[in-house]
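# Coordinates in review
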Amino acid sequence: MAMNFLEERILKDGVVREGNVLKVDSFLNHQIDISLLEQIGAEFKKRFDGEKITKILTIEASGIGIACIVARYFNVPVLFAKKTQSINVDGDKYSTDVESFTHGCTNHVFVSKKYLCSSDKVLIIDDFLARGSALLGLTELVRQAGAEVVGIGIAIEKGFQDGGRIIREKGFHLESIAIVESMDSSKGTITFRD
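Here the structure is a predicted model, which is why all the values come from computation and not from measurement. (Residues numbered from 1 in each chain as written. Predicted model: local features only at pLDDT ≥ 70, side-chain atom pairs only at ≥ 80, totals over all residues. Heavy atoms only, no water.)

In this structure, Leu 6, Ile 10, Leu 22, Leu 28, Ile 40, Ile 56 and Ile 156 are the most contacted members of the largest nonpolar core, which totals 34 residues. Only helix H1 (5-13), helix H2 (34-47), helix H3 (63-74), strand S7 (121-129), strand S8 (148-158), strand S9 (174-184) and strand S10 (189-192) provide two or more residues apiece to this core. The greatest single-element share of this core, amounting to six residues, is contributed by H3. Non-local contacts of Ile 56, meaning those with residues more than four positions away in its chain, are made with Ala 67, Val 70, Ala 71, Phe 74, Val 76, Pro 77, Val 78, Leu 79, Leu 123 and Ile 125. Core analysis: the next-biggest nonpolar cluster, separate from the first, contains 23 residues, Ile 59, Val 98, Ile 124 and Leu 138 among them. (Core = buried A, V, L, I, M, F, W, Y, C linked by side-chain atoms within 4.5 Å. Buried < 20%, exposed > 50% of the residue type's maximum accessible area, 1.4 Å probe, protein only. Helix = DSSP H or I, 4+ residues; strand = E, 2+ residues; numbered from the N terminus. Contact = heavy atoms within 4.5 Å.)

This is the structure in structure tokens:
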């Protein structure tokens, strides 16, 4: 099967590290290749075309860039779950706890009730899916608002971890552009799911 644009870029510039870590910070989640994000946005537009999406939801910080480009294709606002309280966030919030695989900690995340309501049809977007904790947290925020998750778009899914299976078993329409089947840090190799 031919590789897609994101799989090709991961093979070219991604770095496999010990502990099932895939570094894509040179193009996706630290330094960002906007042309690549445009391709990701177009791909998600194709995969979720026909859905009546009113809002894109992500979690800070790595998903925000991707979510913003995707939102341009659907002409809807982006809302991101915040991890830190600040003086400029006021009023009632929906909140939940999310365990971070990458950072090895639990974050209390929230969105303002002003920006997520029961009439919203939400497309959740994120850069990575490993164990599914961030996505479960985001779907919980949507549930608290009485809104509907119409789809979940992930740039890179670690198919050898449980997150994708858990999310799919809950009945969500999950689309991942690249699904990593396995990685070997000693050889620096990555294989993708067909």
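The next thing to look at is the state of the cysteines. Applying the stated rule across the entire model yields zero disulfides. Of all cysteine sulfurs in the structure, the one in Cys 68 sits closest to Cys 117, which takes part in no disulfide; the separation is 19 Å. (Disulfide = S-S within 2.5 Å.)

Moving on, we come to the confidence of the model for the protein. Detailed reading of the predicted coordinates is not advisable wherever pLDDT falls low. Looking at the protein, the pLDDT average stands at 92 and 94% of residues meet or exceed 70. Ranking the elements of the protein by mean pLDDT puts strand S5 (residues 93-100) last with 87 and S8 first with 98. (pLDDT = per-residue confidence, 0-100.)

The next point concerns the sheet that holds S7. Spatially, six strands are ordered S4-S3-S7-S8-S9-S10 in an open sheet, and the strand pairing comes out mixed. Across the chains shown, the open sheet's two edge strands, defined by having one partner strand only, are strand S4 (78-81) and S10. Going across the sheet, the axis of each strand differs from the next one's by a mean of 25 degrees, ignoring polarity. Sheet topology note: the S8/S9 ladder contains six bridges and is parallel. In the strand pairing of S9, Ile 152 is matched with Leu 174. Strands in contact with H1 are S8, S9 and S10; relative to S9, the strand with the most contacts, it is inclined by about 30 degrees. (Pairing = 2+ DSSP bridges. Axes fitted to C-alpha atoms, helices over the stretch in contact; angles between N-to-C directions.)

Our focus in this paragraph is the environment of Gly 63. You can see Gly 63 is positioned in helix H3. For Gly 63, a relative accessible area of 0% puts it in the buried group. In this structure, the C-alpha to C-alpha distance between Gly 63 and Phe 160, residues 97 residues apart in sequence, is 21 Å.

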